[in-house]
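Summary of the model geometry
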Amino acid sequence: MSGVEIAVELVALVVAVLLVTAAARKLDWSAPLCLIAVGVAASYVPGIPEYELDPEVVLLGLLPPLLYATAIRTSLIDFRRNRGPILLLSVGLVIFTTAAVGVVAWLVIPGLPLAAGLAIGAVVAPPDAVAASAVARKVGMPRKLTRLLEGESLFNDAAALVALRTAIAAIAGSVSLLQVGGDFLLAAGGGLVIGFAVGALAALIRTRLEDPVTDTALSLVVPFVAYLAAEAIHGSGVIAVVVAGLILGHKAPSMLSGRSRLASRLNWQTIQFLLENIVFLLIGLQVRRIMTEVGDSGLSAPALILICAATLAATIVARIIWMVGIGLARRTFRRHAWPWRYSAVIAWAGMRGVVTLAAAFVLPADTPQRAVLVLVAFVVVAGTLLLHGTTLPVLVRRLKLPPPDPAEDALQEAAVINNMTRAALDELEKIRTVDDPDDIVERLRSRLQHRSDSAWEELGRQSALTETPSDAYRRLRMRLLEVEREKFLEARDSGMADDDVLRRILERLDIEESMLDREEETVPDSDRELRTPAATAGSCKHLTKEWPTVEPATPDVCAICVENGMTWVHLRQCVKCGNVACCDSSPGKHATEHFHETLHPVMRSHEPGETWRWCFVDKQLG
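Quick caveat: nothing in here was measured; it's all calculated off a predicted structure. (Residues numbered from 1 in each chain as written. Predicted model: local features only at pLDDT ≥ 70, side-chain atom pairs only at ≥ 80, totals over all residues. Heavy atoms only, no water.)

For the rest of this paragraph, the subject is the overall build of the protein chain. Broken down by element type, the protein chain carries 24 helices and five strands. Overall size of the protein chain, expressed as C-alpha extent along the three principal axes, is 90 × 75 × 45 Å. When each of the 622 residues of the protein chain is scored for burial, the buried share is 47%. When contacts within the protein chain are restricted to residue pairs at least 6 apart in sequence, those whose partners lie at least 24 apart make up 76%. Total accessible area on the protein chain stands at roughly 31,400 Å², and carbon and sulfur atoms take up 62% of it. Here the protein chain contributes 60 positive and 67 negative side-chain charges, whose respective centroids are spaced 6 Å apart. (Helix = DSSP H or I, 4+ residues; strand = E, 2+ residues; numbered from the N terminus. Buried < 20%, exposed > 50% of the residue type's maximum accessible area, 1.4 Å probe, protein only. Contact = heavy atoms within 4.5 Å. Areas by Shrake-Rupley, 256 points an atom, 1.4 Å probe, with all protein chains shown as cover. Lys, Arg positive; Asp, Glu negative; His and termini not counted. Charge placed at Lys NZ, Arg CZ, Asp CG, Glu CD.)

Listed below in structure tokens is the structure:
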């Protein structure tokens, strides 16, 4: 095949991915399932090239960057907090699924050795990382559930591939239980050591890099170095990639510049999108070849249907049984157990994907009934994507699981930004000198205060104003940026300035626009009061004091604003005297004025559905 033909085929794959994913997003369908379906249909179209998905390309070329892209976005803090449940799912469930599916395959496939059955069990054991988290975020699962599913999918690939390696060795000869345990410990230990070493070394180097392009180029090498180094010592390359990614993702805020983080985030999102979706399309394009090979197996169509259905059912039921067992065990030993609704969702979130198909092609050519096993893997991937992917959102809605609350998120964001702003303003007073112009210092104060006020304005969306001051600023500034960009284009087209100068100007415009173009979130209607989350609750003596209940001085207005003909953004109530006044985002800032006049330390939100409080003295939320 010539270089031109290869280039044309690669371009065709990318274009097909873009078209299908765009259509799936518009129709609200599962993009992986649509890509597989399009690939299957295209595989039977005359003239379409016969693509062969080389397992080494997937395992060495695609799997490391895909896992790394997920790992760098995973919170190491959340992973540590949930490491027990994650290990139960990523290791225990994989081993259980391997055994259960292996026995079923051994029973239903004529002439299949048990070792080959265990091999296909290991192939279908690991759920897909991206498919589960995509559905989780789409339907608004509780964040703890999403974290568990993402954490499971990071490490279950390693357990499954180790189990597959052992099963393949067993097909060729005898393998003792001691060897199995030794292989697993070597794979896990070697992967951890290499992952820590590569992650620490990469962090050390990237801390010293200032150029975003060089930093991003180095980040592209990290997953491959970690994977290959671990595999060289017979460790788990998957574990090494995940550990390195977790370390670098955790250290990114302290070791990288803002420009480097932006560049890295966008580049890795693009890489993950293209690689993952191209693989799903290639999976579908394999079907014609798979069916041709299956035709030579000597099995009838009803027998093949029975085999595929039994294996798919075993894969699904094994996960359900495992989750029921965990719940019963935790209740028996009086350990903290997940709510049964959480267990139900986790049990049904078993979509398979890229790793399963890649692992199926890893099976040696002399594996008994290899073509049938590859077909089984394909059916499990397509079946779980179709069954779980289409019904999981319905299950989440039926169980009435609470989605992440944008109002609570906004409250936490406001608390963190307020603490950051206080620290910055205190530092400004320390570092300013008599030579620093007063107008510059005031400009810095104003910018910091505006950012803090903008965060508080995200709360209380049922307030009197339909547009907050920050919303108005964003609207007006976006319009001004449009005018500035028009003048920029005139300058470019007329040759007024050098191209390098113009590019720097455009970069500044783009950065400012990206800061303004904030995605709006709608606060859902809820009867639950917005209280201070435990993670942001303050501990000052004023907030912990039991204040007597007082009636608001005015029901739903700031009396001073009404008297002066002013408007307000949000209302606050003094917990000591009941005075109702406007917030600091309002022109009057009468709640703060009330504190300075009376020294009453604590106010609470007077917005509908909010009971969080603020201490003016200690500047704490509680």
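Moving on from the model shown.
In the structure shown here, the tally under the stated rule is four cavities of 30 Å³ or more. Each pocket or cavity is described by its volume, and for the second largest cavity that value is around 60 Å³. Surrounding the second largest cavity, Arg 572, Gln 573, Cys 574, Asn 579, Ala 581, Ala 591, His 594, Phe 595, His 600, Val 602, Met 603 and Phe 616 form its lining. Of the residues contributing to the lining of the second largest cavity, the split by class is seven nonpolar, four polar and one charged. (1 Å grid on protein atoms, 1.4 Å probe; cavity = no way out; pocket = protein on both sides within 12 Å on 5 of 7 lines; lining within 4 Å. Points joined across faces, edges and corners; volume = space filled by probe spheres on them. Nonpolar A, V, L, I, M, F, W, Y, C, P; charged D, E, K, R; others polar.)

Phi is positive for Lys 400, close to 55°, though the residue is something other than glycine. Tracing the backbone through its elements, the reader meets Lys 400 in the loop between helix H17 (370-398) and helix H18 (406-431). One non-glycine residue, Leu 599, adopts positive backbone phi at about 60°. Looking at where Leu 599 falls in the secondary structure, it is placed in the loop between helix H24 (590-598) and strand E3 (602-605).

The alternating pattern of strand E1 (residues 571-574) places Leu 571 and Gln 573 on one face and Arg 572 and Cys 574 on the opposite face, and all of these are buried. Relative to strand E2 (residues 580-582), E1 runs antiparallel, the two sharing three bridges. Considered in E2, the bridge of Leu 571 is made with Cys 582. The hairpin formed by E1 and E2 contains five residues between the paired strands, and Gly 578 there has a positive phi angle of roughly 85°. Where E1 meets E3, three bridges bridge the pair, whose relative direction is antiparallel. Counterpart to Gln 573 in the pairing with E3 is Arg 604. (Pairing = 2+ DSSP bridges.)

Under the definition given, this model contains four aromatic pairs. Centroid distance Phe 96 to Trp 322: 5.5 Å. Interplanar angle 35°. Geometry classified as tilted. Of this pair, Phe 96 sits in helix H5 (residues 83-108) while Trp 322 is found in helix H14 (residues 301-332), placing the two residues 226 residues apart along the sequence. Here the aromatic rings of Phe 595 and Phe 616 are separated by 5.0 Å at their centres, their planes lie at 10°, and the arrangement is stacked. Of this pair, Phe 595 sits in helix H24 while Phe 616 sits in the loop between strand E4 (613-615) and strand E5 (620-621); the two residues are 21 residues apart in sequence, bridging distant segments of the chain. In terms of burial, Phe 595 and Phe 616 fall into one category: buried. Over the face of the ring belonging to Trp 547 we find Lys 545, whose NZ or CZ atom lies 4.3 Å from the ring centre. (Phe/Tyr/Trp six-rings, centres within 6.5 Å; stacked < 30°, edge-to-face > 60°. Lys NZ or Arg CZ within 6 Å of the ring centre and 35° of its normal.)

Read from one edge of the open sheet, five strands run E2-E1-E3-E4-E5, paired in antiparallel fashion. Of all the strands in the sheet, just E2 and E5 have a single pairing partner and so form its edges.

This part covers the pattern of salt bridges. According to the stated counting rule, one finds 18 salt bridges in the structure shown. Taking the shortest distance from any N to any O, the salt bridge between Asp 78 and Arg 81 comes out at 2.6 Å. Of the two residues, Asp 78 and Arg 81 are both situated in helix H4 (residues 76-81); the distance of three residues between them amounts to about one turn of the helix. Judged by its relative accessible area of 58%, Arg 81 is exposed. Close ionic contact of Glu 507 with Arg 259 constitutes a salt bridge, the shortest N to O distance being 3.6 Å. Residue Glu 507 is found in helix H21 (residues 499-516), and its partner Arg 259 is found in helix H12 (residues 258-285); the two are separated by 248 residues along the sequence. Looking at Arg 259, the relative accessible area reads 51%, which means it is exposed. A single network of salt bridges, built from pairs that share partners, joins Asp 78, Arg 81 and Arg 147. (Salt bridge = Lys/Arg side-chain N within 4 Å of Asp/Glu carboxyl O.)

In this section: the nonpolar core. The biggest cluster of nonpolar side chains holds 117 residues, and the ones touching the most others in it are Ile 120, Val 123, Met 141, Phe 155, Leu 164, Ile 283 and Val 345. Considering each element in turn, this core owes the most residues, 13 residues, to H17. (Core = buried A, V, L, I, M, F, W, Y, C linked by side-chain atoms within 4.5 Å.)

Looking at the secondary structure, you find Arg 352 in the loop between helix H15 (340-348) and helix H16 (354-362). Within polar-contact distance, the side chain of Arg 352 engages the backbone oxygen of Gly 350 at 2.6 Å. Apart from the residues lying within four places of it in its own chain, the contact partners of Arg 352 are Thr 97, Val 124, Ala 125, Pro 126, Pro 127, Asp 128, Thr 315, Val 380, Val 381, Thr 384 and Leu 385. (Polar contact = N/O pair within 3.5 Å; in protein donor to acceptor, adjacent residues only side chain to side chain.)

Scanning all chains against the criterion turns up zero disulfides. Left unpaired, Cys 574 is separated from the closest cysteine sulfur, that of Cys 577, by 3.6 Å. Accessibility expressed as a relative area gives 4% for Cys 574, which makes it buried. In this model Cys 583 remains outside any disulfide bridge; the closest cysteine sulfur is found in Cys 582, 6.5 Å from its own. Among the residues examined, Cys 583 registers a relative accessible area of 6% and is labelled buried. (Disulfide = S-S within 2.5 Å.)

Glancing now at the side chain of Arg 206. Counting through the fold element by element, Arg 206 comes out in helix H9 (residues 177-207). Here Arg 206 falls in the buried class, since its relative accessible area comes to 3%.

Further remarks concern the confidence of the model for the protein chain. A low pLDDT means the predicted coordinates there should not be read in detail. For the protein chain, per-residue confidence averages 84 on the pLDDT scale, and 91% of positions sit at 70 or higher. Mean pLDDT across the secondary structure elements of the protein chain bottoms out at helix H7 (residues 129-139), with 66, and peaks at H24, with 94. Across residues 519-527, confidence stays below pLDDT 50; counting only partners more than four residues off in sequence or on other chains, it has ten contacts. (pLDDT = per-residue confidence, 0-100.)

So, about the pairing of E3. Here three bridges tie E3 to E4, and the two strands are oriented antiparallel to one another. Within E4, the position partnered with Arg 604 by the bridge is Arg 613.

Two measures define how a pair of helices packs: the angle their axes make with one another and the distance between the axes. Put simply, helix H3 (residues 55-71) and H16 touch, their axes get as near as 8 Å, and they point 140° apart. With respect to H16, the element H3 is oriented oblique. The element H3 and its partner H16 pack so that their crossing is left-handed. Contacts between H3 and H16 involve Pro 55, Val 58, Leu 59 and Leu 63 from the former and Val 354, Val 355, Ala 358, Phe 361 and Val 362 from the latter. Class assignment for the residues of the contact of H3 with H16 results in nine nonpolar, no polar and no charged. (Axes fitted to C-alpha atoms, helices over the stretch in contact; angles between N-to-C directions. Parallel < 35°, antiparallel > 145°, perpendicular 65-115°, else oblique. Left-handed = near helix turned anticlockwise from the far one by under 90°.)

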